[in-house]
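# Examining the three-dimensional arrangement
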Amino acid sequence: MGEVELSCLAYVKMYLHACLFPRCSVNGLLLSSSPAGGAVCVTDCVPLLHTHLPLAPITQLALTQVDVWCAQTQQRIVGYYQANACVSDSSPTPCALKIADKIAEQCNNAVLLMIDGGKMSPDYRVPPIVMYERKDTRWTLKDKHTIMLQQWEETRDIASQLLDSGDHSLLVDFDSHLDDITRDWTNQKLNAKIAELASPANGNV
């Protein structure tokens, strides 16, 4: 399997999801708007749950709805992310492996990304992520040199700005949407805020 490129938008939303629920395990889906084949470009993510991660019916409902939305917006599900409640544990849980397996049935080069909670300080020099790829029937650690997060310093600064301003509370995961269906799990408001901070006018790319 080749390179994986992670966009600023996808990383910032995953990071904020973990920060919004610091005592919980959180998970979500990785999306791509690029065609299948070649490098995997993760362009966005959908934050899913912060409670009852192993609860199959809710996960299935979320997967179905995200699938429909992806078909309407020319995107596809290319992976899964999770942050464990225990910050010192960044290993995939049985729940993570099960959902990632399901995604891999539809996407040959699917990735499984674990957020390393122990390395989530604002000034950490490298992205606090651990990525796995599926080889045969097993998920194995991916060579970190094949994982690209462009403009890491700028991306890290944007995440910090959103935390400092309290705008991370704009993030809506599927769990929160089920509690109040008027809340938008596609996170258009937050997406616009991240795009604004990442624009050349603000000195970022």
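Residues numbered from 1 in each chain as written. Predicted model: local features only at pLDDT ≥ 70, side-chain atom pairs only at ≥ 80, totals over all residues. Heavy atoms only, no water.

Quick look at the pairing of strand E7 (residues 129–135) now. Counted residue by residue, E7 has five buried out of seven residues, so it is predominantly covered. Across five bridges, the pairing between strand E6 (residues 111–115) and E7 is antiparallel. By the bridge assignment, methionine 114 is partnered in E7 with valine 130. Between the antiparallel neighbours E7 and strand E8 (residues 138–141) lie two residues, among them aspartate 136 with a positive phi of about 60 degrees. (Buried < 20%, exposed > 50% of the residue type's maximum accessible area, 1.4 Å probe, protein only. Helix = DSSP H or I, 4+ residues; strand = E, 2+ residues; numbered from the N terminus. Pairing = 2+ DSSP bridges.)

Quick look at the pairing of strand E5 (residues 76–83) now. With seven of eight residues buried, E5 lies mostly within the body of the structure. When strand E2 (residues 26–32) meets E5, the two strands line up antiparallel, connected through seven bridges. Its bridge partner being in E5, glycine 28 is matched across the sheet by tyrosine 81. Across five bridges, the pairing between E5 and E6 is parallel. Bridge pairing links alanine 83 to isoleucine 115 in E6. Read from E5 through helix H3 (residues 94–106) to E6, the crossover connection turns out right-handed. (Right-handed = clockwise from strand over helix to strand, strands pointing away.)

What follows deals with the pattern of salt bridges. In total, this model carries six salt bridges according to the counting rule given. In this structure, lysine 119 and aspartate 116 form a salt bridge, with 3.7 Å as the shortest nitrogen-oxygen distance. With a relative accessible area of 37%, lysine 119 lands in the partly exposed category. With a shortest N-O distance of 3.5 Å, lysine 142 and glutamate 133 are connected by a salt bridge. The exposure classification of lysine 142 matches that of glutamate 133, with both residues buried. (Salt bridge = Lys/Arg side-chain N within 4 Å of Asp/Glu carboxyl O.)

Glancing now at the sheet that holds strand E9 (residues 147–149). Sheets are built from strands that pair by backbone hydrogen bonding, the pairs being arranged parallel or antiparallel. Pairing in this open sheet of three strands is parallel, and the strands run E3-E1-E9 from one edge to the other. Unpaired on one side and paired on the other, strand E3 (40–42) and E9 mark the two borders of the sheet. With strand direction ignored, the average angle separating the axes of adjacent strands in the sheet is 20 degrees. In this structure, strand E1 (residues 4–6) lies alongside E9, joined through three bridges in parallel fashion. Opposite leucine 6, over in E9, you have leucine 149 as the bridge partner. Sheet contacts for helix H1 (residues 8–20): E1, E3 and E9; angle to E1, the most-contacted strand, approximately 70 degrees. (Axes fitted to C-alpha atoms, helices over the stretch in contact; angles between N-to-C directions. Contact = heavy atoms within 4.5 Å.)

The next thing to look at is the UniProt feature "domain: MPN" (unreviewed entry) in the chain. On the UniProt side, "domain: MPN" (unreviewed entry) is annotated at positions that read residues 4–138 here. In this annotation, residues 4–138 is assigned 32% helix and 30% strand; the end-to-end C-alpha distance for the span is 18 Å. (UniProt positions renumbered as here; feature names shortened; annotations may be inferred.)

Turning our eyes to something else, we now look at the side chain of threonine 146. When you line up the elements, threonine 146 lands in the loop between E8 and E9. At 2.7 Å, the side chain of threonine 146 and the backbone oxygen of aspartate 143 are in polar contact. Setting aside residues up to four positions removed in sequence, threonine 146 forms contacts with Gly2, Glu3 and Val4. (Polar contact = N/O pair within 3.5 Å; in protein donor to acceptor, adjacent residues only side chain to side chain.)

We now examine the packing of H1 against helix H6 (residues 188–197). Closest axis-to-axis distance for the H1/H6 pair is 10 Å, and the angle between their directions is 120 degrees. Taken together, H1 and H6 sit at an angle that is classed as oblique. Judged by the sense of rotation from one axis to the other, the crossing of H1 with H6 is right-handed. Contacts between H1 and H6 involve Cys8, Leu9, Val12, Lys13 and Leu16 on the former and, on the latter, Leu190, Asn191 and Ile194. Of the residues contributing to the contact of H1 with H6, the split by class is six nonpolar, one polar and one charged. (Parallel < 35°, antiparallel > 145°, perpendicular 65-115°, else oblique. Left-handed = near helix turned anticlockwise from the far one by under 90°. Nonpolar A, V, L, I, M, F, W, Y, C, P; charged D, E, K, R; others polar.)

For the rest of this paragraph, the subject is the packing of aromatic side chains. Under the definition given, this model contains four aromatic pairs. Arranged with centres 5.2 Å apart and planes meeting at 80 degrees, the rings of tyrosine 11 and tryptophan 152 form a pair that is edge-to-face. Residue tyrosine 11 is found in helix H1, and its partner tryptophan 152 is found in helix H4 (residues 152–165); the two are separated by 141 residues along the sequence. With a relative accessible area of 4%, tyrosine 11 lands in the buried category. The buried category is assigned to tryptophan 152, whose relative accessible area is 8%. Put simply, the rings of Tyr11, Tyr15 and Trp152 pair up and form one aromatic cluster. (Phe/Tyr/Trp six-rings, centres within 6.5 Å; stacked < 30°, edge-to-face > 60°.)

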